[in-house]
Amino acid sequence: MIAPTNPTNLDLVRSIYADWGRGDFSSIAWADADIEYVVVDGPEPGSWRGRAAMGGALEGILDAWEDARIVADGCSELDDERVFVLNHMSGRGKISGLDVSQMQRNGAALLHISDGKVTKYVSYNDRERALLDLASD
């Protein structure tokens with residue numbers, strides 16, 4: 001099967017989560033050079049700009065976990081520029097040994113996409129909050 005030369009936004013998001021679902025967070029080729037990465041809630045909320053800053057923030061989050069994975073439970077294209085993802089994380093705490101699934105971390109993300117690159121990635125640890133924010137948008 002030949003891959004499309006101009007993948008849709010949904011295809012792009014699915015490819016990101018396919019890598020993350022395997023525990024592969026090494027590629028950031030999907031991110032715009034000036035990406036805005038926002039963590040809305042959770043233990044370390046914040047906002048970072050640029051690939052390097054986003055990579056550092058992700059590394060800081062994932063560093064606490066062994067075999068960390070972020071799996072998409074479903075993706076919806078909201079319009080020509082936004083994709084909404086319901087997701088969950090799996091892994092085990094490096095120090096505590098806690099299985100993250102015991103925390104019932106069901107999150108979500110809103111990805112803004114332009115010209116085949118993610119320009120803004122908004123991450124939610126609390127799926128309900130994400131749905132409320134989306135409804136008020």
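Residues numbered from 1 in each chain as written. Predicted model: local features only at pLDDT ≥ 70, side-chain atom pairs only at ≥ 80, totals over all residues. Heavy atoms only, no water.

Q: I'd like a description of the packing of aromatic side chains, backed by residues and values.
A: Applying the stated criterion to the full structure yields seven aromatic pairs. Of the aromatic side chains, those joined through ring pairs into one cluster are Tyr17, Trp20, Phe25, Trp30, Tyr37, Trp48 and Tyr121. (Phe/Tyr/Trp six-rings, centres within 6.5 Å; stacked < 30°, edge-to-face > 60°.)

Q: Can you lay out helix H2 (residues 51-62) for me, pointing to particular residues and giving the numbers?
A: With twelve residues, H2 should cover 16 Å at 1.5 Å per step; its first-to-last C-alpha distance of 16 Å lies within 8% of that length. Its buried side turned inward, H2 meets strand S1 (31-39), strand S2 (46-49), strand S3 (65-77) and strand S4 (82-93). (Helix = DSSP H or I, 4+ residues; strand = E, 2+ residues; numbered from the N terminus. Expected span 1.5 Å × (residues − 1). Contact = heavy atoms within 4.5 Å.)

Q: Run through the confidence of the model for the protein, naming residues and quoting values.
A: A low pLDDT means the predicted coordinates there should not be read in detail. Taken as a whole, the protein shows an average pLDDT of 90; of its residues, 92% reach a score of 70 or greater. Across residues 1-6, confidence stays below pLDDT 50; counting only partners more than four residues off in sequence or on other chains, it has one contact. (pLDDT = per-residue confidence, 0-100.)

Q: Please set out the sheet that holds strand S6 (residues 117-124) residue by residue, giving values where relevant.
A: On the basis of which strands lie adjacent, the open sheet formed by six strands has the order S2-S1-S6-S5-S4-S3 and mixed pairing. What marks the edges here is a single partner per strand, and that holds for S2 and S3. Strand-to-strand twist across the sheet, computed as the mean angle between neighbouring axes with direction ignored, equals 20°. Summarising the sheet, S4 and strand S5 (residues 106-114) pair through seven bridges and their orientation is antiparallel. Note that in S5 the partner of Phe84 across the bridge is Leu110. Across the sheet, helix H1 (residues 9-21) is in contact with S3, S4, S5 and S6; its angle to S3 comes to roughly 160°. Relative to S4, helix H3 (residues 127-136) is tilted by about 170°, and along the sheet it contacts S3, S4, S5 and S6. (Pairing = 2+ DSSP bridges. Axes fitted to C-alpha atoms, helices over the stretch in contact; angles between N-to-C directions.)

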